[in-house]
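Summary of the model geometry
Take a look at the letters that make up each chain.
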Amino acid sequence: NAGVTQTPKFRVLKTGQSMTLLCAQDMNHEYMYWYRQDPGMGLRLIHYSVGEGTTAKGEVPDGYNVSRLKKQNFLLGLESAAPSQTSVYFCASSYSTSSGGGETQYFGPGTRLLVL
Amino acid sequence: AQSVTQPDIHITVSEGASLELRCNYSYGATPYLFWYVQSPGQGLQLLLKYFSGDTLVQGIKGFEAEFKRSQSSFNLRKPSVHWSDAAEYFCAVGARWGYQKVTFGTGTKLQVIP
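Residues numbered from 1 in each chain as written. Chains lettered and ligands numbered in written order. Predicted model: local features only at pLDDT ≥ 70, side-chain atom pairs only at ≥ 80, totals over all residues. Heavy atoms only, no water.

Re the environment of Trp35(B)
Residue and element names in this part refer to chain B. Our working definition: The numbering of helices and of strands both runs from the N terminus, where a helix is a DSSP run of H or I of at least 4 residues and a strand a run of E of at least 2. Burial here depends on accessible area, computed with a 1.4 Å probe over protein chains only, as a share of the maximum for the residue type. Under 20% is buried, over 50% is exposed, and the range in between is partly exposed. Throughout this description, a polar contact denotes any pair of N or O atoms lying within 3.5 Å of each other; where both atoms belong to protein, one of them has to be capable of donating a hydrogen while the other can accept it, and for residues adjacent in sequence the pair is counted only when both atoms sit in side chains.
Its place among the elements puts Trp35 in strand 5 (residues 32-38). Judged by relative accessible area, Trp35 falls into the buried class, the value being 0%. Taking the C-alpha atoms as reference points, Trp35 and Cys91, separated by 56 residues in sequence, lie 4.6 Å from one another. Within polar-contact distance, the side chain of Trp35 engages the backbone oxygen of Phe74 at 2.8 Å.

Structural notes on the layout of surface pockets
Here is the rule: Using protein atoms alone on a 1 Å grid, points that fit a 1.4 Å probe yet trap it form a cavity, whereas open point sets bounded by protein on both sides within 12 Å along at least five of seven lines form a pocket; residues with an atom within 4 Å of a point count as lining. Grid points are joined across faces, edges and corners, and a volume is the space filled by probe spheres set on the points. Amino acids outside the nonpolar list (Ala, Val, Leu, Ile, Met, Phe, Trp, Tyr, Cys, Pro) and the charged list (Asp, Glu, Lys, Arg) are all regarded as polar, and Gly is one of them.
In this structure, the largest pocket spans a volume of roughly 640 Å³. Residue lining of the largest pocket: 31 residues in total, with Gln37(A), Arg112(A), Gln38(B), Glu88(B) and Lys109(B) positioned closest to the centre. Where the lining of the largest pocket is concerned, the elements lending two or more residues are strand 4 (31-38), strand 9 (87-94) and strand 11 (111-115) of chain A together with strand 10 (87-94) and strand 12 (108-113) of chain B. A per-class count over the lining of the largest pocket returns 12 nonpolar, 14 polar and 5 charged.

Focus: the sheet that holds strand 1 (residues 4-7) of chain A
All names here are of chain A. Condition: One requirement defines pairing of two strands: DSSP has to find at least two bridges between them. Axes here refer to lines fitted to C-alpha atoms; in helices the fit is confined to the stretch in contact. Angles between the N-to-C directions go from 0 to 180 degrees.
Pairing is antiparallel across the open sheet formed by 4 strands, whose spatial order is 1-3-8-7. A strand with exactly one partner marks an edge of an open sheet, and here the two such strands are strand 1 and strand 7 (65-67). The sheet shows a mean angle of 20° between the axes of neighbouring strands, direction not considered. Sheet analysis places strand 3 (residues 19-25) next to strand 8 (residues 73-78), joined by 6 bridges and oriented antiparallel. Within strand 8, the residue paired with Met19 across the bridge is Leu78.

Re a nonpolar patch on the surface
Residue and element names in this part refer to chain A. Applicable threshold: Here, patches come from residues exposed beyond 30% relative accessible area and free of salt bridges, joined within 9 Å for like charges and within 5 Å for nonpolar side chains (Val, Leu, Ile, Met, Phe, Trp, Tyr). Only the protein chains shown count as cover for residues, with accessible areas throughout obtained via the Shrake-Rupley method and a probe of 1.4 Å. The rule for a salt bridge is simple: a side-chain nitrogen of Lys or Arg has to be within 4 Å of a carboxyl oxygen of Asp or Glu.
A grouping of Phe10, Val12, Leu114 and Leu116 is seen on the molecular surface, where their side chains present a nonpolar patch of about 370 Å² in accessible area. With respect to the helices and strands, Leu116 occurs in the segment after strand 11. Here Leu116 falls in the exposed class, since its relative accessible area comes to 58%.

As structure tokens, then:
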């Protein structure tokens, strides 16, 4: 049981290049999330998904796209990377509940992205 | 909109001393409240969470937190800190409806000195 895994662990991009970050979870969670973590700003939600085939925008979605073609995978894409996207990216997943709210989020180890 | 404030960016304590990390939240009703810990180079791990009922919540690694509605606070405490507790701690508030939107604080970095 690996939990939440992220690939790659580290990547350097040049401005304008594209890349995809992969998140995989083996806990059969319905909900998945992408966050970015920047110094002094905590975690900010980029996009999230409440189920296979569904995605929605979070707090800071500009410059990113996501896809959830399979329940266990959540992909984050950068079509044209910018230096402002230099950050640590975390994926998380959680169960859904009928009442909504409150479930623990399980985090991956993160991807460090440097955009030059 | 919900929000979380962690007023202390950095705290240093001696090993064996007690610890209290502050967290204040803003939410229109009784929220879900969480404390997560992040060790260097790692993802976040849940320490404890408050849903309802007893306002004193016990978590892993000897941590506890107390929900005080009148003060909109959810402070994290530990009676005796160990060197392995050095990490960054995040308080978070979650909505009680919808998809589980969780808002994280900016974190408090804990340094433990021998």
